[in-house]
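# Descriptive analysis of the structure
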Amino acid sequence: MAGRHRRVRLYVVSRFKEFRFPVAVRWAGGKRVAASVAGKPALEVATPPEFRSEIEGVWSPEDALVAAAATCYAVTLVAVCERAGVPLRDQSVDAVGVMGGREDGTFGFTAIELAATIETEPGHEGAMRAAAEQAESGCFVSQALSIPVRLALDVRARAAA
């Protein structure tokens, strides 16, 4: 058998489902567009005032990206708490997208900073901190970004009413 090689074919079967999230964007004139998803209200989006735009009071793509990271973290935390049986009583997430010069010499996002305040029942603070950290690593939006999403946690116990 020396010198003989057997060919082995490996078939990789994915254990993951595939999901698609179609979004349609239509130009609305000027620096405005409308983003829509079937069955949901459209979202007006425009160039932010920071980029020499005269448009105030409208979501920008940058706002939407930061909101996507923050809301993904928040809903992922809900799911982690449900699976782990950790009582979640309240949460709020404040988020800031940081833009500036990047290491590669381009201008763009350098980080997204999340500050989460989370309330649980007394005695569950450690389990909540673990759930919060699991939610940070499990957020699909953060996983898709090439910039860091940093999380600052404030876990509190809420006394029974």
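Residues numbered from 1 in each chain as written. Predicted model: local features only at pLDDT ≥ 70, side-chain atom pairs only at ≥ 80, totals over all residues. Heavy atoms only, no water.

### Some words on unusual backbone geometry
Negative phi is the rule for most residues except glycine; trans is the rule for most peptide bonds. Selection rule: Here a strand is any run of E in DSSP of at least two residues, a helix any run of H or I of at least four, and the numbering for each starts at the N terminus. Exposure categories follow from relative accessible area, calculated using a 1.4 Å probe and restricted to protein chains: below 20% of the type maximum is buried, above 50% is exposed, and the middle band is partly exposed.
At Arg52, a residue that is not glycine, the phi angle is positive and equals roughly 60 degrees. Along the chain, Arg52 turns up in the loop between strand 3 (43–46) and helix 1 (61–84). The exposure class of Arg52 is exposed, given its relative accessible area of 79%.

### Some details on the sheet that holds strand 1 (residues 24–29)
Our working rule: Paired strands, as defined in this entry, are two strands with at least two bridges between them according to DSSP. For helices, the axis comes from a line fit to the C-alpha atoms of the stretch in contact; other axes are also lines fit to C-alpha atoms, and the angle between any two N-to-C directions lies between 0 and 180 degrees.
Within the open sheet, the three strands sit side by side as 1-2-3. Their pairing is antiparallel. Two strands lie at the open edges of the sheet, namely strand 1 and strand 3, each paired on one side alone. Within the sheet, the average angular offset between the axes of one strand and its neighbour, ignoring direction, is 30 degrees.

### Looking at the environment of Pro61
Note the following rule: The contact definition used throughout considers only heavy atoms, calling two residues in contact when any of these lie within 4.5 Å.
Within the element layout of this structure, Pro61 appears in helix 1. Sequence spacing of Pro61 and Ile112 is 51 residues, and the spatial spacing of their C-alpha atoms is 14 Å. Apart from the residues within four sequence positions on either side, Pro61 is in contact with Val45 and Ala46.

### Looking at the nonpolar core
Our working definition: Put simply, a nonpolar core is a bunch of buried Ala, Val, Leu, Ile, Met, Phe, Trp, Tyr and Cys residues held in one set by side-chain atoms that sit within 4.5 Å of each other.
With 20 residues, the main nonpolar core has Tyr73, Leu77, Cys81, Ile112, Leu114, Ile118 and Met128 as its most contacted residues. At the level of elements, helix 1, strand 5 (107–120), helix 2 (125–138) and strand 6 (149–157) are the ones that each hand at least two residues to this core. Among the elements that make up this core, the one with the highest residue count is helix 1 (seven residues). Leave out the neighbours within four places in its chain, and Leu77 touches Leu88, Gln91, Ile118, Met128, Ala131, Ala132 and Ala135.

### Here's the deal with the state of the cysteines
The criterion, for reference: Note that a disulfide, as used here, is simply two cysteine sulfur atoms within 2.5 Å.
Per the stated rule, a full pass over the model turns up one disulfide. Residue Cys72 pairs covalently with Cys139 via a disulfide, S to S 2.4 Å. The sign of the 140 degrees torsion about the S-S bond sets the Cys72-Cys139 disulfide as right-handed. A residue pair is termed long-range when its members are at least 10 positions apart, and Cys72 in helix 1 and Cys139 in the loop between helix 2 and helix 3 (140–144) qualify at 67 residues. The two residues Cys72 and Cys139 agree in class, both being buried. Between Cys81, a cysteine without a disulfide, and Cys72, which holds the nearest cysteine sulfur, the sulfur-to-sulfur distance is 14 Å.

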